[in-house]
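Below are the chains, spelled out letter by letter.
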Amino acid sequence: MLGDRTNVTQIILPQDMTLQTSLIYSEALVKKAVLSFWWRVVGAKFIVAVVLLSFGLAYGFSVGEKSWLMGIYATILFFAITFMVALYLIHYRNSIQKFKAMGNPQASLTLSTDSFSLSSGAGSATLPWSSVTEVWQFPDFWLFFFSKSQFSTLPIANLSPEIQTFIIERINHAGGKVT
């Protein structure tokens, strides 16, 4: 099933509903997911603050300002830029490594009322819905958060509207936040 690139969805409805589908990843999708995560965490306000602080420091130094306050502002700017760059690079590196470890860029997603399973060339995991603390929805993918900075990317191109609704209902039912 992992070698087949078609949307394989089967619905089994004995006592416990089980849904299964294939997910197709790409390096471009992984990069887009990391950038979307980064942008949502950092945000426009943070970037505007960094730019304004940069201009303020440049102006202060150009007019000969040498107070201890300029040193504090420069330190804040250094840490702000370091945070932005490190946040992106760490998540980018980890995500690309996981993508490459998959080998075949396809995974299997199995959903039940109590849990979900992801399986790919990189391994498999079965988790209860309660492990998903938050879902960020984007047009091409969703990010499943397990903590503030640990997430998995779920491409939604092959997910039928019924499966998408099922996932959101299960996460809401388990107490997760969907945005």
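To be clear, the structure that these remarks concern was listed above.
The following refers to the structure shown. Computed from a predicted structure; not experimentally measured. (Residues numbered from 1 in each chain as written. Predicted model: local features only at pLDDT ≥ 70, side-chain atom pairs only at ≥ 80, totals over all residues. Heavy atoms only, no water.)

The next subject is the pairing of strand E3 (residues 106-112). In terms of burial, E3 is a largely internal element, six of the seven residues being buried. Looking at chain direction, strand E2 (residues 18-24) and E3 are connected through seven bridges and run antiparallel. Opposite Ile24, over in E3, you have Gln106 as the bridge partner. Here E3 runs beside strand E4 (residues 115-120); their pairing, made up of four bridges, is antiparallel. Bridged to Ser108 within E4 is Ser119. Between E3 and E4, which follow one another and run antiparallel, lie two residues. (Buried < 20%, exposed > 50% of the residue type's maximum accessible area, 1.4 Å probe, protein only. Helix = DSSP H or I, 4+ residues; strand = E, 2+ residues; numbered from the N terminus. Pairing = 2+ DSSP bridges.)

Following the criterion strictly, the structure yields 14 aromatic pairs and no others. Aromatic side chains Phe46 and Phe83 sit 5.8 Å apart centroid to centroid with 65° between the ring planes, which places their arrangement in the edge-to-face category. Separated by 37 residues along the polypeptide, Phe46 in helix H1 (residues 27-62) and Phe83 in helix H2 (residues 68-101) bring together distant segments of the chain. Three or more aromatic residues joined by ring pairs form one cluster here, namely Phe37, Trp136, Phe145 and Phe151. Cation over ring: Arg40 sits above Trp136, and NZ or CZ is 4.5 Å from the ring centre. (Phe/Tyr/Trp six-rings, centres within 6.5 Å; stacked < 30°, edge-to-face > 60°. Lys NZ or Arg CZ within 6 Å of the ring centre and 35° of its normal.)

The next point concerns a nonpolar patch on the surface. Together, Trp68, Leu69, Ile72, Tyr73 and Ile76 make up an exposed nonpolar region whose accessible area comes to about 500 Å². You can see Leu69 is positioned in helix H2. (Patch = residues over 30% accessible without salt bridge, like charges linked within 9 Å, V, L, I, M, F, W, Y side chains within 5 Å. Areas by Shrake-Rupley, 256 points an atom, 1.4 Å probe, with all protein chains shown as cover. Salt bridge = Lys/Arg side-chain N within 4 Å of Asp/Glu carboxyl O.)

Attention shifts here to the nonpolar core. In this structure, Leu111, Leu143, Phe144 and Ile167 are the most contacted members of the largest nonpolar core, which totals 42 residues. When residues of this core are traced back to their parent elements, those giving at least two are E2, H1, H2, E3, strand E6 (134-137), strand E7 (141-145), strand E8 (151-155) and helix H3 (161-173). Apart from the residues within four sequence positions on either side, Ile167 is in contact with Leu109, Leu111, Trp129, Trp142, Phe144, Leu154 and Leu159. (Core = buried A, V, L, I, M, F, W, Y, C linked by side-chain atoms within 4.5 Å. Contact = heavy atoms within 4.5 Å.)

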